[in-house]
Amino acid sequence: MTSSSLSLAYPDTYKDSYKIAQFFLGFMFLFSGITEFKANRKSIAIINFSVSLLTFFVSIFTLVVRTR
């Protein structure tokens, strides 16, 4: 959260920190989905897994694609 906030507040100083923060945000949703799945809350777990996949896809896509 701190890294994301800093990259939004100071875009010139923290240019690439949002990419790393987004990658770790995907891990957070993944572990939250595993926890919810173990607690038998499967609908919330599926939502967390899908958000995690989307976040990983976007973070990997932004790391691979070169921006100007």
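Calculation notes
- Residues numbered from 1 in each chain as written.
- Predicted model: local features only at pLDDT ≥ 70, side-chain atom pairs only at ≥ 80, totals over all residues.
- Heavy atoms only, no water.
- Axes fitted to C-alpha atoms, helices over the stretch in contact; angles between N-to-C directions.
- Helix = DSSP H or I, 4+ residues; strand = E, 2+ residues; numbered from the N terminus.
- Parallel < 35°, antiparallel > 145°, perpendicular 65-115°, else oblique.
- Left-handed = near helix turned anticlockwise from the far one by under 90°.
- Polar contact = N/O pair within 3.5 Å; in protein donor to acceptor, adjacent residues only side chain to side chain.
- Contact = heavy atoms within 4.5 Å.
- Expected span 1.5 Å × (residues − 1).
- Buried < 20%, exposed > 50% of the residue type's maximum accessible area, 1.4 Å probe, protein only.
- Phe/Tyr/Trp six-rings, centres within 6.5 Å; stacked < 30°, edge-to-face > 60°.
- Patch = residues over 30% accessible without salt bridge, like charges linked within 9 Å, V, L, I, M, F, W, Y side chains within 5 Å.
- Areas by Shrake-Rupley, 256 points an atom, 1.4 Å probe, with all protein chains shown as cover.
- Salt bridge = Lys/Arg side-chain N within 4 Å of Asp/Glu carboxyl O.

**As for the packing of helix α2 (residues 17-38) against helix α3 (residues 42-64)**
Phase 1: One can describe the packing of α2 onto α3 by two numbers: an axis separation of 8 Å at closest approach and a directional angle of 160°. In terms of orientation, α2 lies roughly antiparallel with respect to α3. Helix-helix and strand crossings are classified by hand; for α2 and α3 the assignment is left-handed.

**Things to note about the side chain of Asn48**
Phase 1: Within the fold, Asn48 resides in helix α3.
Phase 2: Reaching out from Asn48, the side chain makes a polar contact with the side chain of Ser32 at a distance of 3.1 Å.
Phase 3: Excluding residues within four positions of it along the chain, Asn48 makes contact with Phe29, Ser32, Gly33 and Glu36.

**Focus: α3**
Phase 1: Its 23 residues place the ends of α3 33 Å apart at the C-alpha level, agreeing with the 33 Å of an ideal helix rising 1.5 Å per residue.
Phase 2: Within α3, the full set of buried residues consists of Ala45, Asn48, Ser52, Thr55, Phe56 and Ser59.
Phase 3: Where the residues of α3 are buried, they touch α2.

**Remarks on unusual backbone geometry**
Phase 1: For Asn40, which is not glycine, the phi dihedral falls at a positive 60°.
Phase 2: With respect to the helices and strands, Asn40 occurs in the loop between α2 and α3.

**Observations concerning the environment of Phe37**
Phase 1: In this fold, Phe37 is placed in helix α2.
Phase 2: With a relative accessible area of 45%, Phe37 lands in the partly exposed category.
Phase 3: Between the alpha carbons of Phe37 and Phe49 there is a distance of 9.8 Å; along the sequence they are 12 residues apart.
Phase 4: Beyond its immediate sequence surroundings of up to four residues, Phe37 is in contact with Lys42 and Ala45.

**Structural notes on the packing of aromatic side chains**
The geometry of an aromatic ring pair is captured by the separation of the ring centres together with the interplanar angle, meaning the angle of the planes.
Phase 1: Counting across every chain of the model gives seven aromatic pairs.
Phase 2: Judged by centre distance (6.2 Å) and plane angle (20°), the rings of Phe27 and Phe31 are stacked. Of this pair, Phe27 and Phe31 both sit in helix α2, four residues apart, which is roughly one turn of that helix.
Phase 3: Joined through ring pairs, the aromatic side chains of Phe23, Phe24, Phe27, Phe31 and Phe56 make up one cluster.

**Quick word on a nonpolar patch on the surface**
Phase 1: A surface patch of nonpolar side chains, amounting to about 620 Å² of accessible area, comprises Phe57, Ile60, Phe61, Leu63, Val64 and Val65.
Phase 2: With respect to the helices and strands, the residue Phe57 is situated in helix α3.

What is shown is where atoms sit, not what they do.
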